[in-house]
Amino acid sequence: IGQASDAKQRIYYGARDANMALIKHMKPGMRISQLCDFLSETMIDLGFASEVQMMRKFGGMYEGHGIGLSIHEAPMIKRDNKDVLQAGMTLAIEGNIFDNLPLSKTTIALKNEENVLITSGGCELLSTLPNDIWVAK
């Protein structure tokens, strides 16, 4: 309720902007591990090098999952996944930035998830809502 702090806005919009850059980058034939590398590099470029390093240390680099008959299904978008993107896949992109790990009551963890379809020519954004922080007064 109310305006998000500067720290929360920085983390939320950093994750959102990295996710949107990844979506523009995705295309069939890419390995999922390449997606994860691109997302990490983008987060670092946006000023989150220490957060990326910390998340890797704690195994917190989980960038999304497949969508279909279940909520979370293969492929899991993680650095060790060598699966290849194919046209027709539907995925939830949810690369996140955490300010501290392990998770605690004070960790800033604002989720940003976008649903996409891999097409023969790239990637189509399926999410239709604006992805700015909504403020309840």
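Residues numbered from 1 in each chain as written. Predicted model: local features only at pLDDT ≥ 70, side-chain atom pairs only at ≥ 80, totals over all residues. Heavy atoms only, no water.

Asker: Before we go on, may I ask you to explain the environment of Arg10 in this structure?
Answerer: Mapped onto the fold, Arg10 is located in helix H1 (residues 6–25). Residue classification places Arg10 among the partly exposed residues on the basis of a relative accessible area of 40%. A distance of 3.5 Å separates a polar atom in the side chain of Arg10 from a polar atom in the side chain of Glu51. (Helix = DSSP H or I, 4+ residues; strand = E, 2+ residues; numbered from the N terminus. Buried < 20%, exposed > 50% of the residue type's maximum accessible area, 1.4 Å probe, protein only. Polar contact = N/O pair within 3.5 Å; in protein donor to acceptor, adjacent residues only side chain to side chain.)

Asker: What am I meant to see in the packing of aromatic side chains here?
Answerer: The way to describe two aromatic rings as a pair is by their centre distance and the angle between their planes. On inspection of all chains with the given rule, the structure shows one aromatic pair. Ring geometry for Tyr12 and Tyr13: centres 5.2 Å apart, planes at 80°, overall edge-to-face. Judged by its relative accessible area of 9%, Tyr12 falls in the buried class. (Phe/Tyr/Trp six-rings, centres within 6.5 Å; stacked < 30°, edge-to-face > 60°.)

Asker: Which parts of the structure should I look at to understand helix H3 (residues 49–57)?
Answerer: Because an α-helix completes one turn every 3.6 residues, residues spaced three or four positions apart along the sequence face the same direction. Of the residues making up H3, those classed as buried are Glu51, Val52, Met54 and Met55. Each buried residue of H3 sits inside an arc of 165° when the element is viewed along its axis, so together they form one side. For H3, exposure combined with an orientation more than 90 degrees from the buried face picks out Ser50, Gln53 and Lys57. Its buried side turned inward, H3 meets H1 and helix H2 (32–45). (Arc of directions from axis to C-beta. Contact = heavy atoms within 4.5 Å.)

Asker: I tried to follow unusual backbone geometry on my own but got confused; where do I start?
Answerer: For the bond running from Ala74 to Pro75, omega is 5°, close enough to zero to count as cis. Note on placement: Pro75 falls in strand S2 (residues 73–78). Cis geometry marks the peptide bond from Leu101 to Pro102, where omega comes out at 5°. As for its placement among the helices and strands, Pro102 is situated in the loop between strand S3 (90–93) and strand S4 (114–119).

Asker: Would you mind showing me how to read the pattern of salt bridges here?
Answerer: It is possible for side chains of opposite charge to pair when their charged atoms get near one another. Evaluated as defined, the whole model comprises four salt bridges. Notably, a salt bridge pairs Glu51 with Arg10, separated by 3.5 Å at the nearest N-O pair. On the criterion of sequence distance, the pair formed by Glu51 in helix H3 and Arg10 in helix H1 is long-range, its members being 41 residues apart. Asp17 is the partner of Arg16 in a salt bridge, and the nearest nitrogen-oxygen pair spans 2.9 Å. Under the relative-accessibility criterion, Arg16 is labelled buried at 15%. Judged by relative accessible area, Asp17 falls into the partly exposed class, the value being 33%. Through salt bridges with shared partners, one network takes in Arg16, Asp17 and Asp132. (Salt bridge = Lys/Arg side-chain N within 4 Å of Asp/Glu carboxyl O.)

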